[in-house]
Amino acid sequence: MIRTLVITTDLEAKYDVALKEIRKKEVLWYWVDFYKATEDEIRLLGKFFHFHPLSIEDCVENVERPKIDFYDSYMFVVLHGIHQQTLEPEELDLFVNEKGIVTFHKNAIRDLNNIWLRIKKDDSLKKGPMKIMHKLTDKLVDDFFPPVYHLEDLLNQIEENNKNKSINELMKELFSIRSQLSKIRRTIIPMRDLMYRIISSNRLNEMKEEDLYFYDVYDHLLKLVEMTEANRELAADIRDSYLSYNSNRMNTIMMTLTVISSIFMPLTFIAGIYGMNFEYMPELKMKYGYYIVLGVMAFIGTGMLYIFYKMGWFRFHKGPKL
């Protein structure tokens, strides 16, 4: 699907203009949007707009990283947004020069549609293609914040654990959040690098009026990177804390079992001796032998408990709230 929008010299926005009319003298600049383009529509990128085959190929085949390429009469920019549910990157391709902007995308992009509809009533959007490029970039970057804030809230809930979930449940949630943060990070960092190249380029003379706005977008990306890295570190710290507590808990259990085994070892030895079936065992004929052996066993068990207590075996440390 192709849709067109032109801004006339009178700063009037006209929608659905025939493609061949976008180059008329009364047209100040144009915006052509390709959405789920067919093969015939894709051919127009070369035949009508005369874009380079390499940039057209990048549109058709998904590019892994955001980038900017400079050609003789235009620049080609690949931007990445993010899907709010899946957190997968969504690609938006831009062909920009002083006479117009051509956008190409395979997925519906809400921010693009909003800007497309607003341009008729918002005179600030009629300044030119670079203004549209900035607005698209700004909106795509702003959409990164809600998922990052949401994951940060989930990490805080895991840290507090007010619902008293088990360690296994918390660890599953923690690894899932860390995976999602890594997915967002793989999209944000290339966008940050792209924005740095844009604001540092000497070839974008027509962008000087928009410099401050692009710097603002770059600042947002820096903040997003810092938040993502901070959340990843927080997730790692919480994971290490839970693993340490779990390890300490296992050590406590093993120590308890060791104490029990240590106490019953001599008792089992004594019981084993008197459980042998020899006929001539002197103590077997004693009237109070049974009670004496039980007393000796009780004395040994109690004594060992006292010794272990003095050695500090029962001074366990409390772990975090779980």
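The coordinates are above.
Residue positions are given per chain, counted from 1 along the sequence in the order it is written. Given that the model is predicted, a residue must reach a pLDDT of at least 70 before its local features are reported, and side-chain atom pairs must reach 80 or more before they are shown or counted; all residues, however, enter totals for whole chains, interfaces and linings. The basis for the side-chain values is all heavy atoms of the structure; hydrogens and waters are excluded.

Some words on the side chain of Lys126
Phase 1: Along the polypeptide, Lys126 turns up in the loop between helix H3 (110-118) and helix H4 (129-142).
Phase 2: Any pair of residues with heavy atoms lying within 4.5 Å of one another is described as a contacting pair. With sequence-adjacent residues up to four places away left out, Lys126 is seen in contact with Ile7, Leu11, Ala13, Trp29, Ile119 and Lys120. Here a strand is any run of E in DSSP of at least two residues, a helix any run of H or I of at least four, and the numbering for each starts at the N terminus.

Side note on unusual backbone geometry
Phase 1: A positive phi is found at Lys36, a non-glycine position, where the angle reads about 50 degrees.
Phase 2: Located in the positive-phi region is Leu87, a residue other than glycine, with phi close to 65 degrees.
Phase 3: With respect to the helices and strands, Leu87 occurs in the loop between strand S5 (75-82) and strand S6 (89-97).

Description of the packing of aromatic side chains
Phase 1: Pairing of aromatic rings covers Phe, Tyr and Trp, the last through its six-membered ring, and needs centres within 6.5 Å; plane angles under 30 degrees mean stacked, over 60 mean edge-to-face, and all others mean tilted. Inspection of the entire model under this criterion finds 15 aromatic pairs.
Phase 2: Each ring, one from Tyr290 and one from Tyr291, has its centre 5.4 Å from the other, and the planes form 75 degrees; the classification is edge-to-face. The pair Tyr290 / Tyr291 is uniform in exposure class, with both members exposed.
Phase 3: Of the aromatic side chains, those joined through ring pairs into one cluster are Tyr30, Phe34, Phe48, Phe49, Phe51, Tyr71, Tyr74, Phe76, Phe95 and Phe104.
Phase 4: A cation over a ring is seen here: Arg3 above Trp116, with NZ or CZ 4.5 Å from the ring centre.
Phase 5: Here the guanidinium or amino end of Arg23 rests over the ring plane of Phe48, the centre of that ring lying 4.2 Å away. Accessibility here uses a 1.4 Å probe with only protein chains present; expressed as a share of the type maximum, an area under 20% marks a residue as buried, one over 50% as exposed, and anything in between as partly exposed. Charge-over-ring contacts are defined here by two conditions on Lys NZ or Arg CZ: a distance within 6 Å of the ring centre and an angle within 35 degrees of the ring normal.

So, the pairing of S6
Phase 1: In terms of residue burial, S6 counts as a mostly covered element, since seven of its nine residues are buried.
Phase 2: Two strands pair under a simple rule: DSSP has to find at least two bridges between them. Relative to S6, S5 runs antiparallel, the two sharing eight bridges. Bridging across to S6, Ile82 finds its partner in Pro89.
Phase 3: Between S5 and S6, which pair antiparallel in sequence order, lie six residues; one of them, Leu87, sits at a positive phi of approximately 65 degrees.

Things to note about the side chain of Asp138
Phase 1: Mapped onto the elements, Asp138 comes out in helix H4.
Phase 2: Positive charges come from Lys and Arg, negative ones from Asp and Glu, while His and the chain ends are left out of the count. A pairing counts as a salt bridge when a side-chain nitrogen of Lys or Arg comes within 4 Å of a carboxyl oxygen of Asp or Glu. Although buried, Asp138 forms no salt bridge, and the nearest oppositely charged side chain, Lys135, lies 5.1 Å from it.
Phase 3: Ignoring any residue separated from it by four or fewer positions in sequence, one finds Asp138 in contact with Val217 and His220.

Details of the pattern of salt bridges
Any two side chains of opposite charge can pair, on the condition that their charged atoms come close.
Phase 1: Enumeration over the complete set of coordinates arrives at 14 salt bridges.
Phase 2: Between Lys183 and Glu88 there is a salt bridge, with its nearest N and O atoms 3.4 Å apart. Highlighted residues: Lys183 in helix H6 (residues 167-200) and Glu88 in the loop between S5 and S6, separated in sequence by 95 residues.
Phase 3: For Glu88, a relative accessible area of 39% corresponds to the partly exposed category.
Phase 4: Put simply, Arg192 and Asp193 hold a salt bridge, and the shortest N to O gap is 3.2 Å.
Phase 5: On the basis of relative accessible area, Asp193 is assigned to the partly exposed category, the value being 34%.
Phase 6: Beyond isolated ion pairs, a larger network of salt bridges with shared partners links Glu39, Asp40 and Arg43.

Concerning the pairing of strand S7 (residues 100-105)
Phase 1: The element S7 is extensively covered by neighbouring structure, given that six of its six residues are classed as buried.
Phase 2: Judged by which residues are buried, S7 turns out to be covered on both faces: Gly100, Val102 and Phe104 on one side and Ile101, Thr103 and His105 on the other are all buried.
Phase 3: Of the pairings in the sheet, the one linking strand S3 (residues 27-35) to S7 comprises six bridges and is parallel in character. Paired with Tyr30 across the strands is Gly100, a residue of S7.
Phase 4: In textbook terms, the turn of a hairpin is the stretch between consecutive antiparallel strands, and for S6 and S7 this stretch comprises two residues.

That's the geometry; what it means functionally is another story.
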